[in-house]
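Examining the three-dimensional arrangement
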Amino acid sequence: MTEFLLGASAFVLLTVAVGLVCILRGPDDVDRMMSVQLFGTAGIAALLLLGAAIGAAAVVDLALILAVLAAFAAIAFVKAGARPPPGEPEERP
């Protein structure tokens, strides 16, 4: 079972390499941000698979921390990209 989990983790990391191509060639900032989200999701999946393979609870905790950081990164991207329609004044918090 350990070999299967390590193989699945390697496959997930291979998808990260494909996402790197999307970041480098992405025509738009949104495409690049989606690739960064792929990195976060794949990193979480790889850490969870590795944690299950080696039986380390600390690796699972690290995956949870990465999940929270990935969510905050997505929120920050949306907040930075949100602009009011033309002609409307900008809101000040």
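Every chain is numbered on its own, with residues counted from 1 as its sequence reads. Since the coordinates come from a predicted model, pLDDT governs what is reported: local features require at least 70, and pairs of side-chain atoms require 80 or more to be given and counted, while whole-chain, interface and lining totals use all residues. For the side-chain quantities, the full set of heavy atoms in the structure was used; hydrogens and water were omitted.

1. Some remarks on the overall build of the protein chain
- Only runs of H or I of at least four residues qualify as helices and only runs of E of at least two qualify as strands under DSSP, and these elements are numbered from the N terminus. For the protein chain, the count of helices and strands is 3 helices and 0 strands.
- Going from the N terminus to the C terminus, the protein chain shows its helices and strands as α-α-α.
- With a 1.4 Å probe rolled over the protein chains alone, any residue whose accessible area is under 20% of its type maximum counts as buried; one over 50% counts as exposed, and the rest are partly exposed. Expressed as a percentage of its 93 residues, the buried residues of the protein chain come to 20%.
- Summarising the internal contacts of the protein chain: among those between residues at least 6 apart in sequence, 51% fall at separations of at least 24.
- When the accessible area of the protein chain is evaluated, it comes to approximately 6,800 Å², of which 72% is carbon and sulfur surface. By the convention used here, residues are in contact when the closest approach between their heavy atoms is within 4.5 Å. Methods summary: accessible areas were calculated by the Shrake-Rupley approach with a probe of 1.4 Å, and residue burial reflects only the protein chains presented.

2. Side note on the side chain of Ser9
- On the secondary structure map, Ser9 appears in helix α1 (residues 2-25).
- Non-local contacts of Ser9, meaning those with residues more than four positions away in its chain, are made with Ala46, Leu49 and Leu50.

3. Some words on a nonpolar patch on the surface
- A contiguous nonpolar surface patch, about 510 Å² in accessible area, is contributed by Ile65, Val68, Leu69, Phe72 and Ile75.
- Assignment of secondary structure puts Ile65 in helix α3 (residues 57-81). A patch consists of residues whose relative accessible area exceeds 30% and which take part in no salt bridge; residues with like charges are grouped when within 9 Å of each other, and nonpolar side chains (Val, Leu, Ile, Met, Phe, Trp, Tyr) when within 5 Å. Salt bridge criterion: a side-chain nitrogen from Lys or Arg within 4 Å of a carboxyl oxygen from Asp or Glu.

4. Examining helix α2 (residues 29-54)
- Expected span, for any helix, means 1.5 Å times one less than how many residues it has. The terminal C-alpha atoms of α2 lie 37 Å apart, and with 26 residues this matches the ideal 38 Å at 1.5 Å per residue to within 8%.
- Where α2 is buried, its residues touch α1 and α3.
- Phi turns positive one or two residues past the end of α2, at Gly55, with a value near 75°.

5. Some words on α1
- Compared with the 34 Å implied by 1.5 Å per residue over 24 residues, the 36 Å span of α1 between its first and last C-alpha is a close match.
- Tucked inside the fold, the buried residues of α1 contact α2.

6. Quick word on the packing of α1 against α2
- Note on geometry: axes are lines fitted to C-alpha atoms, helical ones only across the stretch in contact, with angles between N-to-C directions running from 0 to 180 degrees. Following both chains from N to C, one finds α1 and α2 inclined at 165°, their axes separated by 9 Å at the closest point. When the interaxial angle is binned, α1 and α2 end up roughly antiparallel. For the pair α1 and α2, the sense of crossing is left-handed.
- Of the residues belonging to the contact of α1 with α2, the class tally is 20 nonpolar, 5 polar and 1 charged. Oblique is the label for any angle not covered by the other classes, which are roughly parallel (under 35 degrees), roughly antiparallel (over 145) and roughly perpendicular (65 to 115). With the far helix as reference, a near helix turned anticlockwise by less than a right angle produces a left-handed crossing, and one turned clockwise produces a right-handed crossing. Note on residue classes: Ala, Val, Leu, Ile, Met, Phe, Trp, Tyr, Cys and Pro are nonpolar, Asp, Glu, Lys and Arg are charged, and everything else, Gly too, is polar.

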